[in-house]
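The chain contents come next:
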Number of protein chains: 2
Amino acid sequence: MKVLVAGGAGFIGSNLIDILLTEGHQVVCVDNYFIGTRENIRHLAENPQFRLYEQDLTDLDALKAVFAEEHFDYVFHMAANSDIQASALSPEVEYRNTYSTTFNVLECMRLYGVKKLFFCSTSAVYGDVQGAEVTELYAPLMPISYYGACKLGCEGLISAFSYMNGFHSLIFRFPNVIGPRLTHGVIFDFVKRLRENPTELTILGDGRQCKPYLYVKDLVDCILRFYEYVPEGVTVYNVGDDTQSTVSDIAQIVCREMGLKDVAFRYTGGVGGWKGDVPVFAYNLEKIHATGWKASMTSDEAVAQTVRAVL
Amino acid sequence: MKVLVAGGAGFIGSNLIDILLTEGHQVVCVDNYFIGTRENIRHLAENPQFRLYEQDLTDLDALKAVFAEEHFDYVFHMAANSDIQASALSPEVEYRNTYSTTFNVLECMRLYGVKKLFFCSTSAVYGDVQGAEVTELYAPLMPISYYGACKLGCEGLISAFSYMNGFHSLIFRFPNVIGPRLTHGVIFDFVKRLRENPTELTILGDGRQCKPYLYVKDLVDCILRFYEYVPEGVTVYNVGDDTQSTVSDIAQIVCREMGLKDVAFRYTGGVGGWKGDVPVFAYNLEKIHATGWKASMTSDEAVAQTVRAVL
């Protein structure tokens, strides 16, 4: 099978490509290194089953040329601005990198007759649900970040394009995804700052923000388990683990894995890490668990494994 | 109060402006005549309380200049591609005229500190609900038209911008809105074709497509009743009437109002008018009715009144 991985030089995309290649697929990656990096895919340069286009997905004409040249059986669309904290000051970053990239991918699928899509969505589409355990049918969807807003918009586009063009689309709503090649987020940040100063750690909020963290290999395993049997239309799953980690837990795990003791934690106070951050979130995972898939590690284990991977 | 009516030369926008001016407000209209027309606002040219900018809302820099020049208290965002049938062949029309215009309006509100928003949304965000009577909390939202998809994306943006910037936003989800200055849709179409040939009328589908139609003056009345008291965050209402009209009903009403008898109806067959059309739709209106507002006419009465207005 020949697949496009849009945003394949990114954290999740590059981990997915590694497995797709070992499964024998031909992989075409389109990435402009907005968040992805050359390092993430450097090891693939000599692989004859891998081809790279260094270009911006917001350039529709350039993307059409890729679709005209390659003949994709499947599109994995992983491209987005994934740094919610960064885009809080610049919604245009999400408009371009999350929404417009998705529109262009869908438009090329329509124009070039590609019918199968996997899309990375997010728990951020739900907004601040105040502790509710959300199923895929939770309503209303009121995102509080520009990231969540644009991902919700993308889901809407996928719904209409799928109906109008007979696409088979799979949407996974992920929590925080962590693991090797992580580029930002609380773990990345704690490790970086503790390297600079191993005696003290500033923690945004009150440390009680509590969310599920999913190890990237569990995520890729889940994608690969489902992508071949997607029914026509749109299928949505919450994907994650039903345990959560608090930010204080994460700070302690990072210190433990780095072998640091007696680190002074300084809390900035308040309930959320930054404006647009959902402080407490828990999934209802009955739908995905009913298929037989379950994350291989708890949220805390995923955190510990990630610290070991990025050290 | 000084207000922006984005898309004010359009069907709904121009009807709204007429009332805003009679209520004593200063009105600034931005429109590029994509669907709106000069005729709709020609009667306002000499009104000192009215100012017009003939420009495209997708031009963010030009829109910033308007926000910098004027100091708006309130934004009514009515601009969109409202011709669902036309955009079925060109999703880019919706991306530009429905989604991008909304992003730019919200971004300018953020940058220039405007806090109050009214937004025209649509029943199309719900998708094909297979006869369910939808409340504002209906899930999942699976639009089947690019129009519905982009409007859902706009609602997501409004949710995030409102949270991040303290906006007070009112979202009305309308059904088909009809009345004077209508530019397209089934009534417009029937009248036009019966003028050309008063003996025969081709009807898309089986004629049993059944949806609520709302008279534009009822809609404007509803907007004006609510816009001054919007709480912080986002408030969503279904707005319409709880009666519906079938396409066959509409054909009969149009013939009756035009004084035509013995017109031969020819049905193209199938359940929907065109791909992306939701054939059967009914609102649950308990939320808006609980406020005391109710449409002044039934769906069939709105149709008859519209035929008289456009004849």
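For clarity, every value in this text was computed on a predicted model and none was experimentally measured. (Residues numbered from 1 in each chain as written. Chains lettered and ligands numbered in written order. Predicted model: local features only at pLDDT ≥ 70, side-chain atom pairs only at ≥ 80, totals over all residues.)

Draft legend 1. Summary view of the overall build of chain A. For chain A, the helix and strand inventory stands at eleven helices and 15 strands. The C-alpha atoms of chain A give 19 Å as radius of gyration, which agrees with the globular expectation for 311 residues (19 Å, within 12%). Dimensions of chain A along its principal axes, counting C-alpha atoms only, are 60 × 45 × 40 Å. The 311 residues of chain A split such that 49% are buried. (Helix = DSSP H or I, 4+ residues; strand = E, 2+ residues; numbered from the N terminus. Rg over C-alpha atoms; globule rule 2.2 N^0.38 Å. Buried ≥ 20, exposed ≤ 12 C-beta atoms within 10 Å, placed from the backbone.)

Draft legend 2. Quick peek at helix H11 (residues 299-310) of chain A. The terminal C-alpha atoms of H11(A) lie 17 Å apart, and with twelve residues this matches the ideal 16 Å at 1.5 Å per residue to within 8%. The complete set of buried residues in H11(A) reads Ser299(A), Ala302(A), Val303(A), Gln305(A), Thr306(A) and Val307(A). (Expected span 1.5 Å × (residues − 1).)

Draft legend 3. The arrangement of the sheet that holds strand E7 (residues 168-174) of chain B in detail. All names here are of chain B. Strand order in the open sheet formed by seven strands is E3-E2-E1-E4-E5-E7-E12, with parallel pairing between adjacent strands. Edge positions in the sheet fall to strand E3 (50-54) and strand E12 (233-238), since each of these pairs with one other strand and no more. Taken pair by pair, the neighbouring strands of this sheet meet at an average axis angle of 15 degrees, ignoring direction. As defined by bridge partners, strand E1 (residues 2-6) adjoins strand E2 (residues 26-31) across five bridges and the pair is classed as parallel. (Pairing = 2+ DSSP bridges. Axes fitted to C-alpha atoms, helices over the stretch in contact; angles between N-to-C directions.)

Draft legend 4. Spatial organisation of the interface of chain A and chain B. Across the contact, 32 residues belong to chain A and 32 residues belong to chain B. Elements supplying a minimum of two residues to the side of chain A that touches chain B: helix H5 (91-112) and helix H6 (146-165) of chain A. Top contributing element to the side of chain A that touches chain B by residue count: H6(A), with eleven residues. Split into classes, the residues belonging to the side of chain A that touches chain B amount to 21 nonpolar, seven polar and four charged. (Contact = placed C-beta atoms within 7 Å. Nonpolar A, V, L, I, M, F, W, Y, C, P; charged D, E, K, R; others polar.)

Draft legend 5. Just the sheet that holds strand E5 (residues 116-122) of chain A, in detail. Residues and elements named next belong to chain A. Read from one edge to the other, the open sheet built from seven strands follows the order E3-E2-E1-E4-E5-E7-E12, with strand pairing classed as parallel. Every interior strand has two partners, whereas the edge strands, strand E3 (50-54) and strand E12 (233-238), have only one. Taken pair by pair, the neighbouring strands of this sheet meet at an average axis angle of 15 degrees, ignoring direction. As paired elements, strand E2 (residues 26-31) and E3 share five bridges and run parallel to each other. Residue pairing for E3: Val30 is matched across the bridge by Tyr53.

Draft legend 6. A look at the relation of the copies chain A and chain B. You can overlay chain A on chain B at an RMSD of 0.0 Å; the transform is a turn of 180 degrees with a shift of 0.0 Å along its axis. The two molecules are tied by a two-fold rotation axis, judged by turn and shift. Distance from the rotation axis, computed per C-alpha, reaches its smallest value in chain A at Gly153(A): 1.8 Å. Both copies present the same face, since 100% of the interface residues in chain A are matched by interface residues at the equivalent positions in chain B. (Least-squares fit on C-alpha atoms with pLDDT ≥ 70 in both.)

Draft legend 7. Up close: the packing of helix H9 (residues 247-257) of chain A against H11(A). Residue and element names in this part refer to chain A. Across the interface, H9 lies against H11 with an axial gap of 9 Å and an inter-helix angle of 40 degrees. Accordingly, the angle class assigned to the pair H9 and H11 is oblique. Seen along the crossing, H9 lies across H11 with a hand that is right-handed. Across the interface between the two elements, Asp249, Ile250, Ile253, Val254 and Glu257 of H9 pack against Asp300, Val303, Ala304, Val307 and Arg308 of H11. Here the residues of the contact of H9 with H11 sort into six nonpolar, no polar and four charged. (Parallel < 35°, antiparallel > 145°, perpendicular 65-115°, else oblique. Left-handed = near helix turned anticlockwise from the far one by under 90°.)

Draft legend 8. Quick look at the domain arrangement of chain A. All names here are of chain A. Per the domain assignment, the segments making up chain A are domain 1 (2-177 + 213-238) and domain 2 (182-212 + 243-310). Distance from the C-alpha centre of domain 1 to the C-alpha centre of domain 2: 24 Å. Listed as interface residues are 28 residues of domain 1 and, on the opposing side, 28 residues of domain 2. When residues of the side of domain 1 that touches domain 2 are traced back to their parent elements, those giving at least two are helix H4 (84-87), strand E6 (133-134), strand E11 (213-215), helix H8 (216-226) and E12. (Domains from an automatic or database assignment.)

Draft legend 9. Quick peek at the confidence of the model for chain A. Per-chain confidence: chain A averages 95 in pLDDT, with 100% of residues scoring 70 or above. In the predicted complex, the global pTM is 0.96; the interface-specific ipTM is 0.95. (pLDDT = per-residue confidence, 0-100.)

Draft legend 10. The packing of helix H1 (residues 11-22) of chain B against helix H8 (residues 216-226) of chain B, seen in detail. Residues and elements named next belong to chain B. Interhelical geometry of H1 versus H8 gives an angle of 55 degrees and a closest axis separation of 10 Å. Accordingly, the angle class assigned to the pair H1 and H8 is oblique. Considering how the two elements wind past one another, H1 and H8 form a crossing that is right-handed. The segment H1 lies against H8, with Phe11, Ile12, Asn15, Leu16 and Ile19 engaging Val216, Lys217, Leu219, Val220, Ile223 and Leu224. Residue classes in the contact of H1 with H8 are distributed as nine nonpolar, one polar and one charged.

Draft legend 11. Summary view of unusual backbone geometry. Between Ala139(A) and Pro140(A) the backbone carries a cis peptide bond, its omega angle lying at -5 degrees. One can find Pro140(A) in the loop between E6 and H6. You will see that Tyr33(A), though not glycine, has its phi angle at about 60 degrees, which is positive. Along the chain, Tyr33(A) falls in the loop between E2 and helix H2 (38-41). The partly exposed category is assigned to Tyr33(A), around which 14 C-beta atoms lie within 10 Å. A positive phi angle, near 60 degrees, is found at Asp262(B), a position not held by glycine. You can see Asp262(B) is positioned in the loop between helix H9 (247-257) and strand E14 (264-267).

Draft legend 12. Focus on the pairing of strand E5 (residues 116-122) of chain B. Residue and element names in this part refer to chain B. Here E5 lies mainly inside the structure; six of its seven residues are buried. Bridging between strand E4 (residues 74-77) and E5 involves three bridges; their strand directions are parallel. Residue pairing for E5: Phe76 is matched across the bridge by Phe118. As paired elements, E5 and E7 share seven bridges and run parallel to each other. Directly across from Phe119, in E7, lies its bridge partner Ile171.

Draft legend 13. Molecular detail of the environment of Arg173(B). All names here are of chain B. Mapped onto the elements of the fold, Arg173 is located in strand E7. Put simply, Arg173 and Pro140 are 33 residues apart on the chain and 16 Å apart in space, counted from C-alpha to C-alpha. In contact with Arg173, other than residues within four places in its own chain, are Ser121, Thr122, Ser123, Val125, Val236, Tyr237, Asn238 and Val239.

Draft legend 14. Structural view of the environment of Gly185(A). All names here are of chain A. When you line up the elements, Gly185 lands in the loop between strand E8 (176-178) and helix H7 (186-196). Given 19 C-beta atoms within a 10 Å radius, Gly185 is considered partly exposed. Taking the C-alpha atoms as reference points, Gly185 and Asn40, 145 residues apart in sequence, are found 17 Å from one another. What Gly185 contacts, discounting residues up to four positions off in sequence, is Asn176 and Ile178.

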